[in-house]
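Single-letter residue listing:
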Amino acid sequence: AAGQGDMATSQIMEMLPREYGYVCLVVVLGFILNMYLTMNVVSARKKYGIKYPALYAPPGHKNEVAFNCIQRAHQNTLETYGPVLIRMLLCGIKYPIISAFLGAMWVIGRFVYGYGYSTGDPDERFKGGIISFLADMPLTLLTAKLAFDFLFSS
């Protein structure tokens, strides 16, 4: 039975372009991004005394803005990561290089976003947000092209 799993994996790898490995690498980079943002929140919880299960600092807390900015950077990234990841994995089947590039650009943008937001000034998130958007939107369009390719290919 163990050999069957290896054979199935081998068959899948033969069907996918070799460059799909870059797409897989970006998935790892996304995990690293999530760990970075998670550690920011864990550290901020300790620093500012925000106890679980509170998602955000309570209104009026002396470090409300500072903590909530760090938490929002993580939360907003989690809200968008799943759809970006799915689009990148799908598009990578046919367009692995551009999909991996856009996925990596999105991850870099989210690092910049998280770093900027964690300064406590919400306006500092915009640079990273723009970088992420400049990756997310073309990835969405590429997903639409992929759908078109599947539906109308002969």
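Reference entry: report on the structure contained in this document. What you are looking at is a predicted structure, and each value in this text was computed from that prediction instead of being measured. (Residues numbered from 1 in each chain as written. Predicted model: local features only at pLDDT ≥ 70, side-chain atom pairs only at ≥ 80, totals over all residues. Heavy atoms only, no water.)

## Digging into the nonpolar core
Then step 1. Core analysis: the largest hydrophobic core is formed by 18 residues, its most contacted members being Val 26, Trp 106 and Leu 139.
Then step 2. Broken down by secondary-structure element, the contributors of at least two residues to this core are α2 (20–48), α3 (64–91), α4 (96–117) and α5 (126–152).
Then step 3. With seven residues, the next largest nonpolar core counts Val 41, Tyr 48, Ala 57 and Phe 67 among its residues. (Core = buried A, V, L, I, M, F, W, Y, C linked by side-chain atoms within 4.5 Å. Buried < 20%, exposed > 50% of the residue type's maximum accessible area, 1.4 Å probe, protein only. Helix = DSSP H or I, 4+ residues; strand = E, 2+ residues; numbered from the N terminus.)

## Considering the environment of Tyr 115
Then step 1. Relative to the elements of secondary structure, Tyr 115 occurs in helix α4.
Then step 2. When the C-alpha positions of Tyr 115 and Ile 70 are compared, they lie 8.5 Å apart, and in sequence the two are 45 residues distant.

## A word on the pattern of salt bridges
Then step 1. Taken as a whole, this structure holds four salt bridges when the rule is applied.
Then step 2. Between Glu 79 and Arg 72 there is a salt bridge whose closest N-O contact spans 3.4 Å.
Then step 3. Using a relative accessible area of 43% as the deciding quantity, one classes Glu 79 as partly exposed.
Then step 4. For Asp 149, the salt bridge identified is with Lys 145, shortest N-O distance 3.0 Å. A residue pair is termed a helical-turn pair when its members lie 3 or 4 positions apart in one helix, as Asp 149 and Lys 145 do in helix α5 at four residues.
Then step 5. One continuous salt-bridge network, built from bridges that share partners, spans Lys 94, Lys 145 and Asp 149. (Salt bridge = Lys/Arg side-chain N within 4 Å of Asp/Glu carboxyl O.)

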